[in-house]
Amino acid sequence: MPYPTALTIFKELKRPASISRLADMLGLDHSTISTAVSSLVAEGLAEKQRDGKKVLVKRPNTLHAHSLEDILKEYPRLPVENLFTNSSMEVLGALTQPHNITDTAAMTGLNRHTVSTALTKLSGYGIVLKEKGRFALNKRHRYTVDLVNNYWRYAANQRLRDIADDAIILWQRGPEFLFKTQTDPGHTGEKDIQPTATTVFSRYNLQIITTTRYYFHTKRRMRVEDHIIHTILIDPQNPTYNSYALALATRSGATDLLNTGRYYNMEKHIESLLEYLRTKEKNSDAVLPWSEYMDLFSSMVV
DNA sequence: CATGTCCCAAAGAGTCCACT
DNA sequence: AGTGGACTCTTTGGGACATG
């Protein structure tokens, strides 16, 4: 996550500059600049290039670096170094759809207080709009929308590169993403990458024949409701995956599906599936005729 | 019930210095 | 220019409580 000093340096990089020159310009110790530049590089917001004795730092050719440049051009007076900090970026990542503070805190795993502070700051600059107690990213700030999307996409790809080269992202919002892979990532040391969807079905004594493995990147603690929704997200219009999800919902007795569905902007879809369970009547093309679903369900139970 | 505020502790970021 | 250590300051988390 970019932090104030790093973003201040990014601002100065209208032209490539060396570490010592940046230290002079900003009146900071060269080691401070050095650390900050390293973090910028790690995040795809700077690039280093040796030039004889010096190391030239310049803006890289990444999508989020361009978005950030656009913001600086469009709103030169915006204090980006204070606005786009760690928690702000996480909060913005959650607000592609309107949510209240409590939901946003639950979605990001941040403290309610932290979310509230970030939102007050962002609202003050019109980056976030408040309507009927709910907050959402101001769509008119399109460069900010781009920055948030591109930033998190880059972060996800960085992360995945270390894990599995065949990984494909199926869903993403902010720092959280669902991906599938054929290879077993193995290193369980990655504590923010947790198995999910059909990959955890055996925990609930449900059987699925597949070699594809699904994982979710989050720092939140996942619940069975998350596993169910991830199963749907594999292919939301596909009756098979919806059936798998329903089987898991039934089997686990999940009680908070509707609420969790809201976090994933899947409220309508979940409502429709719950209605299907209640009425035992096919109510959309995303589900199987009830008798076929029952057959599938009994074939899965171990 | 959701939100805003306050406090305090812990974690993390930011800084500079000495050394390489 | 980069690294590691020591230090300070800021941000964050969590509990408690008032407000609406």
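Residues numbered from 1 in each chain as written. Chains lettered and ligands numbered in written order. Predicted model: local features only at pLDDT ≥ 70, side-chain atom pairs only at ≥ 80, totals over all residues. Heavy atoms only, no water.

Asker: For this particular structure, what's the right way to read the protein's contact with DNA strand C?
Answerer: Lining the immediate environment of DNA strand C, one finds 14 residues, of which Ser20, Val55, Ser87, Asn111 and Thr114 sit closest. Put simply, 62% of the atoms of DNA strand C that lie within 4 Å of the protein are in sugar or phosphate. Within the side chain of threonine 114, a nitrogen or oxygen atom sits 2.5 Å from a phosphate oxygen of DNA strand C. Broken down by secondary-structure element, the contributors of at least two residues to the surface near DNA strand C are α2 (19-26), α3 (30-42), β3 (54-58) and α8 (112-124). For the surface near DNA strand C, the leading source of residues is α3, giving three residues. (Near = heavy atom within 4 Å. Polar contact = N/O pair within 3.5 Å; in protein donor to acceptor, adjacent residues only side chain to side chain. Helix = DSSP H or I, 4+ residues; strand = E, 2+ residues; numbered from the N terminus.)

Asker: What is the right way to look at the pairing of strand β6 (residues 168-173) in this model?
Answerer: Remember that side chains alternate between the two faces of the sheet whenever the strand is regular. As paired elements, β6 and strand β7 (residues 176-181) share five bridges and run antiparallel to each other. Bridging across to β7, glutamine 172 finds its partner in phenylalanine 177. Hairpin connection between β6 and β7: a loop of two residues separates the two successive antiparallel strands, and glycine 174 in this loop has a positive phi of roughly 60 degrees. (Pairing = 2+ DSSP bridges.)

Asker: Would you mind showing me how to read the domain arrangement of chain A here?
Answerer: How big an interface is tends to be reported as the loss of accessible area on association of its parts. By the assigned domains, chain A splits into domain 1 (4-58), domain 2 (63-147) and domain 3 (162-300). On the domain 3 side, the residues contacting the 12 residues of domain 2 number nine residues. Summed over both partners, the interface of domain 2 with domain 3 comes to about 890 Å²; 54% of that surface belongs to carbon and sulfur atoms. Connecting domain 2 to domain 3 are one salt bridge. For the salt bridge of aspartate 103 with arginine 262, the shortest nitrogen-to-oxygen distance reads 2.7 Å. At the boundary of domain 2 with domain 3, the tally comes to two residue pairs in polar contact (both at pLDDT 80 or more). Mapped by element, the contributors of at least two residues to the side of domain 2 that touches domain 3 are α6 (86-94) and α7 (101-108). For the side of domain 2 that touches domain 3, the element with the highest residue contribution is α7, accounting for four residues. (Domains from an automatic or database assignment. Contact = heavy atoms within 4.5 Å. Buried area = accessible area lost by both parts, 1.4 Å probe. Salt bridge = Lys/Arg side-chain N within 4 Å of Asp/Glu carboxyl O.)

Asker: Looking at this model, I keep getting lost on the nonpolar core. Mind explaining?
Answerer: The nonpolar side chains of a soluble globular protein tend to be buried, and buried together. Counting residues in each nonpolar core, the largest one holds 44 residues, and the members touching the most others are Ile9, Leu22, Phe84, Leu92 and Ile127. With six residues, helix α9 (residues 142-161) is the single largest residue contributor to this core. Looking at which domains feed residues into this core, each of domain 1 (4-58) and domain 2 (63-147) supplies at least three. Leucine 92 has contacts with Phe84, Leu122, Ile127, Val128, Leu137 and Val148, leaving out every residue within four places of it along the chain. (Core = buried A, V, L, I, M, F, W, Y, C linked by side-chain atoms within 4.5 Å. Buried < 20%, exposed > 50% of the residue type's maximum accessible area, 1.4 Å probe, protein only.)

Asker: Is there a simple way to explain the sheet that holds β6 in this structure?
Answerer: Each strand in a sheet pairs with its neighbour through backbone hydrogen bonds, running either in the same direction (parallel) or in the opposite one (antiparallel). In spatial order, the strands read β6-β7-β9-β8; together these four strands make up an open sheet with antiparallel pairing. The open sheet is flanked by β6 and β8 (193-195), the only strands paired with a single partner. Pairs of neighbouring strands in the sheet enclose a mean axial angle of 25 degrees, with direction left out of account. Bridge analysis of β8 against strand β9 (residues 213-217) gives three bridges, and the strand direction is antiparallel. Looking at the pairing, proline 195 lines up with tyrosine 215 of β9. (Axes fitted to C-alpha atoms, helices over the stretch in contact; angles between N-to-C directions.)

Asker: For this particular structure, what's the right way to read the pairing of β9?
Answerer: In terms of residue burial, β9 counts as a mostly covered element, since four of its five residues are buried. When β7 meets β9, the two strands line up antiparallel, connected through five bridges. Residue pairing for β9: phenylalanine 179 is matched across the bridge by tyrosine 215.

Asker: Any chance you could explain the side chain of threonine 108 here in plain terms?
Answerer: With respect to the helices, strands and loops of the structure, threonine 108 is situated in helix α7. For threonine 108, the side chain forms a polar contact with the main-chain oxygen of threonine 104, separated by 2.8 Å. Within the local environment of threonine 108, its side chain forms a polar contact with the backbone nitrogen of leucine 110, the two atoms lying 3.2 Å apart. Once you skip the residues sitting within four places of it in the chain, threonine 108 turns out to touch Glu90, Val91, Ala94, Val115, Lys219 and Arg220.

Asker: What exactly am I supposed to notice about the pattern of salt bridges here?
Answerer: Evaluated as defined, the whole model comprises six salt bridges. For glutamate 69, the salt bridge is made with arginine 59, and the minimal N-O distance between the two is 3.3 Å. Pair noted here: glutamate 69 is in helix α4 (residues 63-74) and arginine 59 is in the loop between β3 and α4, with a separation of 10 residues, a long-range link. Here glutamate 69 matches arginine 59 in class, with each residue buried. Residues aspartate 256 and arginine 223 are paired through a salt bridge, measuring 2.9 Å at the closest nitrogen-oxygen approach. Pair noted here: aspartate 256 is in the loop between α11 (239-252) and α12 (257-263) and arginine 223 is in the loop between β9 and α10 (224-233), with a separation of 33 residues, a long-range link. Taking the relative accessible area as the measure of exposure, aspartate 256 reaches 22% and is therefore partly exposed. A single salt-bridge network, built from bridges that share partners, covers Arg223, Glu225 and Asp256.

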